[in-house]
Amino acid sequence: MSGECKMAEQITNKDFIMGFVGLSGSGKSTLAEGICDFLRKRGRSCFHIDGDRLRHDLGDMFGYTYDERMKNNRVVRVLGKYLCDSHIATMVSIIAPYEEMRQKMREFWGKRYIEVFVDCPLEICAARDVKGHYARAKSGVLHNLNGVNDIFERPENSELILHTDEETKAESLGKIIDYLEAHQYV
């Protein structure tokens, strides 16, 4: 054996990447972690890629300009592919504000990709301000925050749309689990 890591030769119907897209504070990471917990309790390997955490962990490599967001998204796409190719159910929470960006994810990940639009009004997201982004944008410290001083194009092709301003966490997770079960991912 040469010591090289051999990638899985065949992707199973249970291999998937679930992309949680939406505004900052909409509940993407909370739902992604909830699904990972659900899958782990059923013996599935699962990993959550959080776009903000990745940006933080990589230091100042990625900011919030269009080009920097596209580079961050490219790293997320490659990491997600490697994980999914290794038969690890992959949850990705990322704003993905541009349709072009979401289309690149869909093309790169192919049929394994499930897009979940975590739809929550800007006012609710700003009131939650979990990571302090909205306060920093309001004070002029953070530029290009999607929904505030940069665009957020509403997804048009999501497999699931969740309304976290109207649904409880349990209700939203239930809808995702129902989808996964109906499509035989679990």
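Remember, predicted model here, so these are calculated numbers, not experimental data.

Draft legend 1. Just the overall build of the protein, in detail. Each helix and strand in the protein was counted, giving 7 helices and 5 strands. Along its sequence from the N terminus, the protein presents helices and strands in the succession β-α-β-α-α-β-α-β-α-α-β-α. The C-alpha atoms of the protein give a radius of gyration of 17 Å, which matches the 16 Å a tight globule of 186 residues would have. Each of the three principal axes of the protein carries a C-alpha extent, and together these read 55 × 40 × 25 Å. Long-range pairs, those at least 24 residues apart, make up 77% of the contacts in the protein with a sequence separation of at least 6. Carbon and sulfur atoms make up 52% of the accessible area of the protein, which totals about 9,800 Å².

Draft legend 2. How the structure looks around the nonpolar core. In terms of nonpolar packing, the biggest core is built from 27 residues, with V21, V76, V92, I94, M105 and W109 touching the most fellow members. Ranked by residues supplied to this core, first place goes to helix α3 (residues 66-85) with 4 residues. The residues contacting I94, other than those within four sequence positions of it, are F20, V21, G22, K28, N73, V76 and M105. Formed by 23 residues, the second largest nonpolar core is a distinct cluster that contains L39, Y179, L180 and Y185.

Draft legend 3. Representation of the sheet that holds strand β2 (residues 46-50) in the model. The strand order across the open sheet formed by 5 strands is β2-β3-β1-β4-β5, and the pairing between neighbours is parallel. Bordering the open sheet on either side are β2 and β5 (160-163), each of which pairs with just one other strand. Between one strand axis and the next, the sheet turns by 20° as a mean value, whatever way the strands run. Pairing analysis gives 4 bridges linking strand β1 (residues 17-21) to strand β3 (residues 89-93), with the strands arranged parallel. Bridging across to β3, G19 finds its partner in V92. Against the sheet, helix α1 (residues 28-41) engages β1, β2, β3, β4 (113-119) and β5, with an angle of about 170° to β2. Strands β1, β3 and β4 of the sheet are contacted by helix α4 (residues 99-109), whose axis makes an angle of about 155° with β4.

Draft legend 4. Molecular detail of the side chain of T164. Position of T164 among the secondary structure elements: in the loop between β5 and α7 (169-182). A distance of 2.6 Å separates the side chain of T164 from the backbone oxygen of S26, its partner in a polar contact. Beyond its immediate chain neighbours, meaning those up to four positions away, T164 contacts S26, L31, V118, D119, C120, R128 and S172.

Draft legend 5. Quick peek at the pattern of salt bridges. Tallied over the entire structure, the rule returns 10 salt bridges. Here D52 ties to K131 by a salt bridge, and the two come within 3.1 Å at their closest N and O atoms. A residue pair is termed long-range when its members are at least 10 positions apart, and D52 in helix α2 (residues 51-57) and K131 in the loop between α5 (122-128) and α6 (133-138) qualify at 79 residues. For D52, a relative accessible area of 18% translates into the label buried. Among the ionic pairs, R102 bridges to E99, the shortest N-O distance being 2.8 Å. In this pair, R102 and E99 both sit in helix α4, 3 residues apart, roughly one turn of the helix. Classification of R102 as buried rests on a relative accessible area of 1%.

Draft legend 6. Just α3, in detail. An ideal rise of 1.5 Å per residue puts 28 Å on 20 residues; α3 measures up with 28 Å between its terminal C-alpha atoms. Considering only its buried residues, α3 is in contact with β1, β2, α2, β3 and α4. Following α3 by one or two positions, H87 adopts a phi angle in the positive range, close to 65°.

Draft legend 7. Broad picture of the confidence of the model for the protein. Residues of the protein with pLDDT of at least 70 account for 92%, and the chain-wide mean is 89. The low-confidence segment residues 1-11, where pLDDT is below 50, has 9 contacts with residues more than four positions distant or belonging to other chains.

Draft legend 8. Representation of the state of the cysteines within the structure. All told, the structure shown has 0 disulfides when counted by the stated rule. Considering cysteine sulfurs only, C46 is the nearest to C84, which forms no disulfide, with 11 Å between them. Assessed through its relative accessible area of 0%, C84 is described here as buried.

Reading the values: rules and limits
- Residues numbered from 1 in each chain as written.
- Predicted model: local features only at pLDDT ≥ 70, side-chain atom pairs only at ≥ 80, totals over all residues.
- Heavy atoms only, no water.
- Helix = DSSP H or I, 4+ residues; strand = E, 2+ residues; numbered from the N terminus.
- Rg over C-alpha atoms; globule rule 2.2 N^0.38 Å.
- Contact = heavy atoms within 4.5 Å.
- Areas by Shrake-Rupley, 256 points an atom, 1.4 Å probe, with all protein chains shown as cover.
- Core = buried A, V, L, I, M, F, W, Y, C linked by side-chain atoms within 4.5 Å.
- Buried < 20%, exposed > 50% of the residue type's maximum accessible area, 1.4 Å probe, protein only.
- Pairing = 2+ DSSP bridges.
- Axes fitted to C-alpha atoms, helices over the stretch in contact; angles between N-to-C directions.
- Polar contact = N/O pair within 3.5 Å; in protein donor to acceptor, adjacent residues only side chain to side chain.
- Salt bridge = Lys/Arg side-chain N within 4 Å of Asp/Glu carboxyl O.
- Expected span 1.5 Å × (residues − 1).
- pLDDT = per-residue confidence, 0-100.
- Disulfide = S-S within 2.5 Å.

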